[in-house]
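# Coordinates in review
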Amino acid sequence: MGMTITEKILAAHAGKKEVRPGDLIWAKLDIALGNDITAPIAISEFRGSGAKKVWDKDKVVLVPDHFTPNKDIMSAEQSKILRDFAKEQKLKFYFEVGEVGVEHALLPEKGIVTSGDAIIGADSHTCTYGALGAFSTGVGSTDLAAAMIGGKVWLKVPEAMKFVFNGKLPKWVSGKDLILKIIGDIGVDGALYRSMEFTGDAIRSLSMESRLSMCNMAIEAGGKNGIIEPDAITKEYLKGRSLRKPVFYSSDKDAKYVSVKEYDASKLEPMVAFPHLPSNTKPISKVGNVKIDQVVIGSCTNGRIEDMRIAAKLMKGKKVAPYLRTLIIPATQAIFKQMIKEGLMEIFINAGAAVSTPTCGPCLGGHMGILAAGERALATTNRNFVGRMGSPKAEVYLSNPAVAAASAILGRIAGPEEL
Amino acid sequence: MIFKGKVFKYRDDVNTDEIIPARYLNTSDPKELAKHTMEDIDKDFMKKMKPGDIIVGEKNFGCGSSREHAPIAIKEAGVSCVIAKSFARIFYRNSFNMGLPIIESAAAVEGINTGDSVEVDTEKGEIKNLTTGKTFRIAAYPAFMQELIKAGGLIKYVAKNK
């Protein structure tokens, strides 16, 4: 019987000819990632174990992106733990403020992760890299510590679910909408412990940015990983970028899936997730009149150059609504520079938006745009749980960048067609 | 091991932001984290609970962020174990790896309510609701995971078997 792309990658990294769902394996890792919230605990456990050297200084990646630039003294102490460890261990990939970006935008951009890899990260959105045709999943600090010591992770081979999107995507519908549609259909635990494979001609026509957004939110359905088979778009993206030789896997025709769900992409609309779960979705046409106090365009989900271009196109020559804060956060310095080059910065600033240096910041209620009780935000981020962006009495709605930009201008959640 | 305590029962999809909000993640000190356990789903949890008490969730307990601070806070707060119909996978791994006892049992969750007194006996593989007198079975860990437990946890296992 055939194997899925996920099973093939896991088998290769476990040194086995084949693996089946339910098998418990040790997989060798290509990259292990930590950030300023999760790595301090991992580093403390690493030291506690008596280990002296990380298993491979080129494969342990530390990205202080959550509470940086340091929001307070305690965060500064956390970041310092990463910096000192990176220096001591001579890590090849540690990114200081000034070159740091949001981890899941930064690693693909720098070519640190590539097709065919097995990757863990002590951050739930590590599933993002499945867009490159890699197996990539979020874990906790102890798993990261174990990986830093031995270069491997224990995993249960997941069952796979297939999501097929055929047809041409309507204007303003992007990868973010496809994944919100799926999460709305199957729920926040609809893919619990499972692999989510996205395929069909609509997926093959998606830009790499849109694919990264889509795989990024596999975790919001409980998925272990999200994955898209590499194709010409993947190869083009990796050209001159991938620091290691990519390995291209694809699913066998007779691979086994626990479920196959098919969508007609041409019938989809931009989606909005209402508080307080990403599964609480409505198409934009059914949103009604929802007034907002803040718009955030950024994050590991939608802080890439394509997202910025879409938002700028809609905001050009317009002003954000009175008493509304609009925060634009490019996910990396390369994106920031490209925005300057293309004149997007000027568009945003003229529109009355604040543009920030890369940070996860407000997405997790860290800093740089916290909500007061009773306030409402529309964000291109990935979670809208109670208290996610500040006060537990605030509300967060999720959408793609086009809806976020249009809503910033109109002061209520609105589609780009309404501008 | 035997755990005995009063039950605090919550809904589906309790997420790690509710268990320990990100605004407190500028430290990894267990004692500091524990002060805010369950704060955004049950503001007074730390005032009401006593060491040994048990958290019960419905489905998908611990979803969302990978922060290990969530099981660390729960354990440090003195909660003896968490029982749920299902756990989000990263929370499950984290709890197993760092030693917070978690038990998956849909039947037990159906048969337990807030305020009940419950006794969990992991050796016997049994959950007993002392308030109602009902008993529920616990499934054993797979052999692969029992090896990790025997070694004294994931880190000790990996340090020995590099």
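Quick caveat, the model's predicted, so the values are computed rather than measured.

Within chain B one finds eight helices and seven strands. If you line up chain B on its principal axes, its C-alpha atoms span 45 × 40 × 25 Å. Evaluated residue by residue, chain B yields a buried proportion of 60% over its 162 residues. Side chains of chain B give 25 positive and 22 negative charges; the mean places of these two sets differ by 3 Å.

At the junction of the two partners, chain A supplies 51 residues and chain B supplies 44 residues. Buried area between chain A and chain B, both sides added, is near 3,900 Å², and the carbon and sulfur share of it is 61%. Sorting the residues of chain A by area buried against chain B places A:W26, A:W154 and A:Y193 first, and these three jointly supply 17% of that buried surface. A salt bridge links B:K59 to A:D189; the shortest N-O distance between them is 3.2 Å. Of all the secondary structure elements, the ones that give two or more residues to the side of chain A that touches chain B are β1 (24–28), α2 (39–48), α3 (73–89), β6 (135–138), α5 (141–150) and β7 (152–156) of chain A. Residue contributions to the side of chain A that touches chain B peak at seven residues, all from α5(A). Here the side of chain A that touches chain B is composed, by residue class, of 25 nonpolar, 16 polar and ten charged.

With that out of the way, let us pick up the sheet that holds strand β8 (residues 160–166) of chain A. Backbone hydrogen bonds hold the strands of a sheet together, and the pairing may be parallel or antiparallel. Residue and element names in this part refer to chain A. Spatially, β10-β9-β8-β11 is the arrangement adopted by the four strands of the open sheet, whose pairing is parallel. Of all strands in the sheet, those bounded by a partner on one side alone are β10 (225–227) and β11 (259–264). Strand-to-strand twist across the sheet, computed as the mean angle between neighbouring axes with direction ignored, equals 20°. In the sheet, β8 pairs with β11 via six bridges, with the strands oriented parallel. Each bridged residue has a counterpart across the sheet, and for K162 the counterpart in β11 is V260.

On to the sheet that holds strand β6 (residues 126–129) of chain B, then. Residue and element names in this part refer to chain B. Read across the sheet, seven strands follow the order β4-β3-β2-β1-β5-β6-β7 without closing on themselves; strand pairing throughout is mixed. The open sheet terminates on both sides in strands that have one partner only, identified here as β4 (102–104) and β7 (135–137). For this sheet, the mean inter-axis angle between neighbouring strands, taken without regard to orientation, is 25°. Strand direction decides the pairing type here: strand β2 (residues 54–57) and strand β3 (residues 81–84), joined by four bridges, are parallel. Opposite I54, over in β3, you have C81 as the bridge partner.

Let us look at unusual backbone geometry. Put simply, A:T68 and A:P69 share a cis peptide bond, and its omega is -15°. You can see A:P69 is positioned in the loop between β3 (60–63) and α3. Following A:P275, the chain continues to A:H276 via a peptide bond in cis, the omega torsion being -5°. Positive phi outside glycine occurs at A:Y193, with the angle close to 65°. Mapped onto the fold, A:Y193 is located in the loop between α6 (175–186) and β9 (195–199). For A:Y193, a relative accessible area of 26% puts it in the partly exposed group. Located in the positive-phi region is B:N60, a residue other than glycine, with phi close to 60°. With a relative accessible area of 1%, B:N60 lands in the buried category.

With that settled, consider the nonpolar core. In terms of nonpolar packing, the biggest core is built from 120 residues, with A:F348, A:I413 and B:F61 touching the most fellow members. In this structure B:F61 touches B:V14, B:I19, B:I55, B:I74, B:V82, B:A84, B:S86, B:F87, B:A88 and B:F91, once residues within four positions along its chain are discounted. Judged by nonpolar contacts, the second largest core, of 62 residues, contains A:I112, A:A218, A:A221 and A:L398.

Attention now moves to the pairing of β6(A). Residues and elements named next belong to chain A. Because side chains alternate across β6, one face comprises the buried residues F135 and T137, and the other comprises S136 and G138, equally buried. Judged from the four bridges that link them, strand β5 (residues 118–121) and β6 form a sheet pairing that is parallel. The residue bridging I119 from the neighbouring strand is S136, located in β6.

In this section: the packing of aromatic side chains. Per the stated rule, a full pass over the model turns up 15 aromatic pairs over all chains. Aromatic pair A:W26 and B:Y157: ring centres 5.4 Å apart, planes at 0°, arrangement stacked. In this pair, A:W26 sits in strand β1 while B:Y157 sits in helix α8 (residues 154–160), so the two residues belong to two different chains. Measuring from ring centre to ring centre gives 4.9 Å for A:F274 and A:Y397, while their planes differ by 70°; the resulting arrangement is edge-to-face. Highlighted residues: A:F274 in the loop between β12 (271–273) and β13 (281–283) and A:Y397 in strand β18 (residues 395–398), separated in sequence by 123 residues. Of the two residues, A:F274 and A:Y397, neither departs from the other in class, the shared state being buried. Taken together, A:W26, A:W154, B:F96, B:Y141, B:F144 and B:Y157 form an aromatic cluster joined through their ring pairs. Positioned above the aromatic ring of A:W26, the side-chain terminus of A:K152 is 5.5 Å from the ring centre. Just above the ring of A:Y193 sits the side chain of A:K156; from NZ or CZ to the centre is 5.9 Å.

Here we take up the packing of helix α11 (residues 305–315) of chain A against helix α12 (residues 333–341) of chain A. Residue and element names in this part refer to chain A. Contact geometry of α11 with α12 gives a least axis separation of 10 Å together with a crossing angle of 35°. You can see that α11 and α12 cross each other, and the crossing is right-handed. Across from I305, M308 and R309 in α11, the residues of α12 making contact are I335, Q338 and M339. When grouped by side-chain class, the residues that make up the contact of α11 with α12 number four nonpolar, one polar and one charged.

Before going further, it helps to spend a moment on the side chain of A:K176. Topologically, A:K176 is positioned in helix α6. Comment: no salt bridge for buried A:K176; closest opposite-charge side chain is A:D177, at 7.5 Å.

For the rest of this paragraph, the subject is the packing of α11(A) against helix α13 (residues 344–351) of chain A. All names here are of chain A. Packing of α11 against α13 leaves a shortest axis separation of 9 Å and a crossing angle of 50°. Considering their axes alone, α11 and α13 lie oblique with respect to each other. The chirality of how α11 crosses α13 is left-handed. Residues I305, M308, R309, A311, A312 and M315 of α11 form the contact with α13, whose own contacting residues are L344, I347, F348 and A351. Looking at side-chain class alone, the contact of α11 with α13 contains nine nonpolar, no polar and one charged residues.

Calculation notes
Residues numbered from 1 in each chain as written. Chains lettered and ligands numbered in written order. Predicted model: local features only at pLDDT ≥ 70, side-chain atom pairs only at ≥ 80, totals over all residues. Heavy atoms only, no water. Helix = DSSP H or I, 4+ residues; strand = E, 2+ residues; numbered from the N terminus. Buried < 20%, exposed > 50% of the residue type's maximum accessible area, 1.4 Å probe, protein only. Lys, Arg positive; Asp, Glu negative; His and termini not counted. Charge placed at Lys NZ, Arg CZ, Asp CG, Glu CD. Contact = heavy atoms within 4.5 Å. Buried area = accessible area lost by both parts, 1.4 Å probe. Salt bridge = Lys/Arg side-chain N within 4 Å of Asp/Glu carboxyl O. Nonpolar A, V, L, I, M, F, W, Y, C, P; charged D, E, K, R; others polar. Pairing = 2+ DSSP bridges. Axes fitted to C-alpha atoms, helices over the stretch in contact; angles between N-to-C directions. Core = buried A, V, L, I, M, F, W, Y, C linked by side-chain atoms within 4.5 Å. Phe/Tyr/Trp six-rings, centres within 6.5 Å; stacked < 30°, edge-to-face > 60°. Lys NZ or Arg CZ within 6 Å of the ring centre and 35° of its normal. Left-handed = near helix turned anticlockwise from the far one by under 90°. Parallel < 35°, antiparallel > 145°, perpendicular 65-115°, else oblique.

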